[in-house]
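# Overview (structure and organization)
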Amino acid sequence: MKVTSIIENTSSKGLHVEHGLSLYIETERGERVLFDMGLSGMFARNAEMLGLSISDVDVAVVSHGHYDHGGGLRTFLTENGKANVYVHRDAFQPHYSLRESGLRFIGIEEEWSRFERLVFCDGRRDINPHMTLFADVHGDCCYPTGNRLLFGPMQTEPDDFRHEQSLLIEEEGKLVLFAGCAHRGIVNILRRAEEVAGKAPTHVFAGMHLVKSGLSESEEERFVESLASELMRYEGIMFYTMHCTGEPQYRRLKSLMGTQIEYLACGDSVEV
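Our subject in this report is the structure included herewith. Within each chain, residue numbers correspond to sequence positions counted from 1 in written order. Only residues with pLDDT of at least 70 get local features here, since the model is predicted, and only at 80 or more are side-chain atom pairs given and counted; chain-wide, interface and lining totals rely on the full set of residues. To obtain the side-chain values, all non-hydrogen atoms of the structure were used and water was disregarded.

Quick look at the packing of helix α5 (residues 217-231) against helix α6 (residues 247-257) now. To obtain an axis, a line is fitted to C-alpha atoms, over the contacting stretch when the element is a helix, and the angle between two such axes runs from 0 to 180 degrees between their N-to-C directions. Numbering of helices and strands starts at the N terminus; helices are DSSP runs of H or I of at least 4 residues and strands are runs of E of at least 2. Between α5 and α6, the shortest axis-to-axis distance is 10 Å and the interhelical angle comes to 50°. Compared by their axis directions, α5 and α6 come out oblique. For the pair α5 and α6, the crossing hand works out as right-handed. Between α5, through Glu220, Glu221, Val224, Glu225, Leu227, Ala228 and Leu231, and α6, the contact on the second element is made entirely by Gln249, Arg252, Leu253, Leu256 and Met257. Basically, the charged four are Asp, Glu, Lys and Arg, the nonpolar ten are Ala, Val, Leu, Ile, Met, Phe, Trp, Tyr, Cys and Pro, and anything else, Gly included, counts as polar. Tallied by class, the residues present in the contact of α5 with α6 amount to seven nonpolar, one polar and four charged. Comment on the angle field: the value is read as roughly parallel under 35 degrees, roughly antiparallel over 145, roughly perpendicular from 65 to 115, and oblique elsewhere. In this scheme, a crossing is called left-handed if the near helix is turned counterclockwise away from the far one by less than a right angle; it is called right-handed if the turn is clockwise. Two residues form a contact once any of their heavy atoms are found within 4.5 Å.

What follows is about the layout of surface pockets. A 1.4 Å probe that fits but cannot get out identifies a cavity on a 1 Å grid over protein atoms alone, an open set with protein on both sides within 12 Å along at least five of seven lines counts as a pocket, and a residue lines either if it has an atom within 4 Å of a point. Grid points are joined across faces, edges and corners, and a volume is the space filled by probe spheres set on the points. Of the voids in this model, the largest pocket is the one considered here, and its volume is about 260 Å³. Residue lining of the largest pocket: 16 residues in total, with His19, Arg99, Leu150, His209 and Lys212 positioned closest to the centre. At the level of elements, α2 (67-70) and β6 (96-99) are the ones that each hand at least two residues to the lining of the largest pocket. The calculated volume of the second largest pocket comes to roughly 180 Å³.

Moving on to helix α1 (residues 42-49). Relative accessibility decides the category of a residue: with a 1.4 Å probe and only protein chains considered, values under 20% of the type maximum give buried, values over 50% give exposed, and everything between is partly exposed. Residues Met42, Phe43, Ala44, Asn46 and Ala47 constitute the buried set of α1. Those residues of α1 that are buried are in contact with β1 (2-7), β2 (22-26), β3 (32-35) and α3 (73-79). Two residues or fewer past α1, glycine 51 is found with a positive phi of approximately 75°.

Our next topic: the pairing of strand β13 (residues 174-179). With five of six residues buried, β13 is to be regarded as a mostly interior element. Pairing analysis gives five bridges linking strand β12 (residues 166-171) to β13, with the strands arranged antiparallel. Bridge pairing in β13 links glutamate 171 to lysine 174. A right-handed crossover is one whose linking path, passing over the helix from the first strand to the second, runs clockwise when the strands point away from the viewer. Taking the sense of rotation as the criterion, the β-α-β connection linking β13, helix α4 (residues 186-197) and strand β14 (residues 203-206) turns out right-handed. Paired strands, as defined in this entry, are two strands with at least two bridges between them according to DSSP.

For the rest of this paragraph, the subject is the pairing of strand β7 (residues 102-105). Note on strand geometry: in a regular strand, side chains alternate between the two faces of the sheet. Examined bridge by bridge, β6 and β7 share four bridges and lie antiparallel to one another. Looking at β7, one finds that arginine 99 is bridged to glycine 102. Between β6 and β7, which follow one another and run antiparallel, lie two residues.

Let us look at the packing of α4 against α5. Contact pair α4 / α5: the axes reach a minimum separation of 10 Å and the direction vectors enclose 20°. Our classification of the angle between α4 and α5 gives roughly parallel. Of the two possible hands of crossing, α4 and α5 adopt the one that is left-handed. Facing α4, whose interface residues are Ile186, Val187, Leu190 and Arg191, α5 presents Leu227, Glu230 and Leu231.

Once that is clear, we can look at the packing of aromatic side chains. Here a pair means two rings of Phe, Tyr or Trp (six-membered ring of Trp) with centres within 6.5 Å. Their orientation is stacked below 30 degrees between planes, edge-to-face above 60, and tilted elsewhere. This structure, assessed with the given rule, holds seven aromatic pairs. Considering the side-chain rings of phenylalanine 92 and phenylalanine 120, the 6.2 Å spacing of their centres and the 70° angle between planes classify their relative orientation as edge-to-face. Taken as a pair, phenylalanine 92 in the loop between β5 (84-88) and β6 and phenylalanine 120 in strand β8 (residues 118-121) lie far apart in primary sequence, 28 residues in all. For phenylalanine 92, a relative accessible area of 9% corresponds to the buried category. Taking the relative accessible area as the measure of exposure, phenylalanine 120 reaches 36% and is therefore partly exposed. Relative to tyrosine 263, the ring of tyrosine 250 lies with its centre 5.3 Å away and its plane at 65°, an arrangement referred to as edge-to-face. With tyrosine 250 in helix α6 and tyrosine 263 in strand β16 (residues 261-263), the pair connects residues that are 13 residues apart, well separated along the chain. With relative accessibility at 12%, the residue tyrosine 250 sits in the buried group. Taken together, the ring pairs connect Phe35, Phe178, Phe205 and Tyr240 into an aromatic cluster.

Another point: empty space enclosed by the protein. One pass over the full model with this rule turns up one cavity of 30 Å³ or more. What the largest cavity holds in volume is close to 40 Å³. For the lining of the largest cavity, the element with the most residues is α5, which contributes three residues. Along the lines of polarity and charge, the residues of the lining of the largest cavity split into five nonpolar, four polar and one charged.

Here you go:
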């Protein structure tokens, strides 16, 4: 399986960047999967520069209802005429972020929910015998404190991220987990993945939403250390992180986890 980042916050390859995420997945079975679509249509321009065809994508997934993951939906459906797009049924509800200027809408336009080829999910959804989507993640282990700034569907209601879903792909003895921002906490998502699959993943690709923590420097350091300790309990898992993890937070994780974690910037590819 080959995983290529076609939109991310940073790039060492000279590609267009934006605050968003889009991963292009090529399986050994010849399937092409698009996981998230970034903030705009920029993912498609980068894909072309990398020699990857959006029109050839067989399956698309929107991980949750924030604009930096589903903002490119219209572009995808324009450039691809065949793939179903799997999205949680609550993803098109209003979502907001608290900024210095007040609440800002960060959802996906509700009118887009009427696009053809959208498949609405709730809980677990088997796309095919080796691809599974799941939501319903519970637990509060290393729960991202940056979530305190996120609200929805009511402006006065903290977001519970019921609209967030993750993807499992299994092939050739490997179980690969894809999580967009891991708002429910990457450790809690991992635990849910184990329940769904009956075993732990071998590889994880995920933002971990460690930005805008609101913690003091010492508090944040302790939080990241606790997260690293929990992740290293999974000795057999290789982690690739990106986007909302934050570069300083990644560097701290890297110092603690060593070769068990790497950063996947825009244009980078990994074969698992």
